[in-house]
Amino acid sequence: MRICIATVLPLLGLVCASAQAEIITDSYGWEDGFGTICGFYGNLGLAENVGAPDPVHSGDRSLHLVEEPIEGTPQAYLAFITGLQDGDIIDASFWRFDDSPGASPSVRIWAHYATSDDINSYMGSAGGNDDYGPGEGWDQTGWQWVFDSDAGARDALVIECRLYSPSEGPGDLFWVDDLFVQVEGDDLSGVRIYNPGNIPAPGAVVLLALAGLMGRRTRRR
Ligand SMILES: [Ca+2]
Ligand SMILES: [Ca+2]
């Protein structure tokens, strides 16, 4: 049996091209000394960039969070990922300090959908990691999401740190450090990862989103 090489080679090329995914990553450890969070929802009383004697995982700085008043489940937004498309894979993780095993206070990593022009545009829960961690000091928590645009209604993901305090308090024993975000997909030309150190003012986010839309006109559908 003969196989025509001229026919097979282009086919191989196509297979290789379609299997190549793009990957972009971002990390943030609060080392700039001023970044806190990208936004929040609920009864978050304080978010501050701190150093020793507060717990720090790496470097000299970390994020301290306070639930105030103690009710519900406050969410600190740690990352805002814009310009996403169906099937993009998002991995996010951070380190959390918790020295109360099996009991509150504890934190979890979670996420919700949004639109790229507004970090406060809640477009449905994306779920997250149910695990509260061992509570024996610093531990890394993370989760993976496969982006679902809901037929194009949403194109952004917000990574949350959810706070769980004891019902009688205290609500100020939350520390976070070493945020990491990775996005993998076929075409990430319109994707941006914002962290607490680089997120622009709300008006600037709108302008950036518009620029992203213009840049996406030539992208696949
Ligand atoms: Ca740090
Ligand atoms: Ca705990």
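See the structure shown above.
Residues numbered from 1 in each chain as written. Chains lettered and ligands numbered in written order. Predicted model: local features only at pLDDT ≥ 70, side-chain atom pairs only at ≥ 80, totals over all residues. Heavy atoms only, no water.

Draft legend 1. Region of interest: the side chain of Asp139. Tracing the backbone through its elements, the reader meets Asp139 in strand 9 (residues 137-146). A polar contact is formed between the side chain of Asp139 and the side chain of Arg96, at a distance of 2.9 Å. Apart from the residues within four sequence positions on either side, Asp139 is in contact with Phe94, Trp95, Arg96, Gly133 and Pro134. (Helix = DSSP H or I, 4+ residues; strand = E, 2+ residues; numbered from the N terminus. Polar contact = N/O pair within 3.5 Å; in protein donor to acceptor, adjacent residues only side chain to side chain. Contact = heavy atoms within 4.5 Å.)

Draft legend 2. A look at the pairing of strand 7 (residues 106-114). Extensive coverage of strand 7 is indicated by the burial of 9 of its 9 residues. Along strand 7, one buried face is formed by Ser106, Arg108, Trp110, His112 and Ala114 and the opposite face, lined by Val107, Ile109, Ala111 and Tyr113, is buried too. Across 9 bridges, the pairing between strand 7 and strand 10 (residues 156-164) is antiparallel. Looking across to strand 10, one finds that His112 is bridged to Val158. Pairing between strand 7 and strand 8 (residues 125-128): 3 bridges, direction antiparallel. Looking across to strand 8, one finds that His112 is bridged to Ser125. (Buried < 20%, exposed > 50% of the residue type's maximum accessible area, 1.4 Å probe, protein only. Pairing = 2+ DSSP bridges.)

Draft legend 3. Summary view of the coordination of the calcium ion (ligand 1). The protein atoms that coordinate the calcium ion (ligand 1) are Gly29 (O), Glu31 (OE), Ser58 (O), Arg61 (O), Asp177 (OD) and Asp177 (OD), at distances of 2.3 to 2.6 Å. What the 6 donor atoms of the calcium ion (ligand 1) show is an angle range of 50 to 158° at the metal, which sorts the shape as irregular. Counting residues between consecutive donors of the calcium ion (ligand 1) along the chain gives the motif G-x1-E-x26-S-x2-R-x115-D. One end of the pair, Gly29, is in the loop between strand 1 (22-28) and strand 2 (39-41); the other, Arg61, is in the loop between strand 3 (44-50) and strand 4 (62-67), with 32 residues separating them in the sequence. Classification of Arg61 as partly exposed rests on a relative accessible area of 25%. (Donors = N, O, S within 2.8 Å, 3.2 Å for Na, K, Ca; no water. Tetrahedral: all angles 85-135°; square planar, octahedral: opposite > 155°, others 65-115°.)

Draft legend 4. Molecular detail of the coordination of the calcium ion (ligand 2). The calcium ion (ligand 2) binds to the protein through Asp98 (OD), Asp98 (OD), Ser100 (O), Ser100 (OG), Ala103 (O), Pro105 (O) and Ser106 (OG), with metal-donor distances spanning 2.3 to 2.5 Å. Sequence positions of the residues that donate to the calcium ion (ligand 2) give the spacing D-x1-S-x2-A-x1-P-S. The buried category is assigned to Pro105, whose relative accessible area is 9%.

Draft legend 5. Molecular detail of the pairing of strand 11 (residues 174-185). Among the 12 residues of strand 11, 10 are classified as buried, and the element is accordingly described as predominantly covered. Note that strand 1 and strand 11 share 7 bridges and pair antiparallel. Bridge pairing in strand 11 places Glu22 opposite Gly185. Sheet analysis places strand 4 next to strand 11, joined by 3 bridges and oriented antiparallel. Paired with Leu65 across the two strands is Phe174, which belongs to strand 11. Strand direction decides the pairing type here: strand 6 (residues 89-98) and strand 11, joined by 8 bridges, are antiparallel. Bridge assignment links Ile90 to a residue of strand 11, and that residue is Val183.

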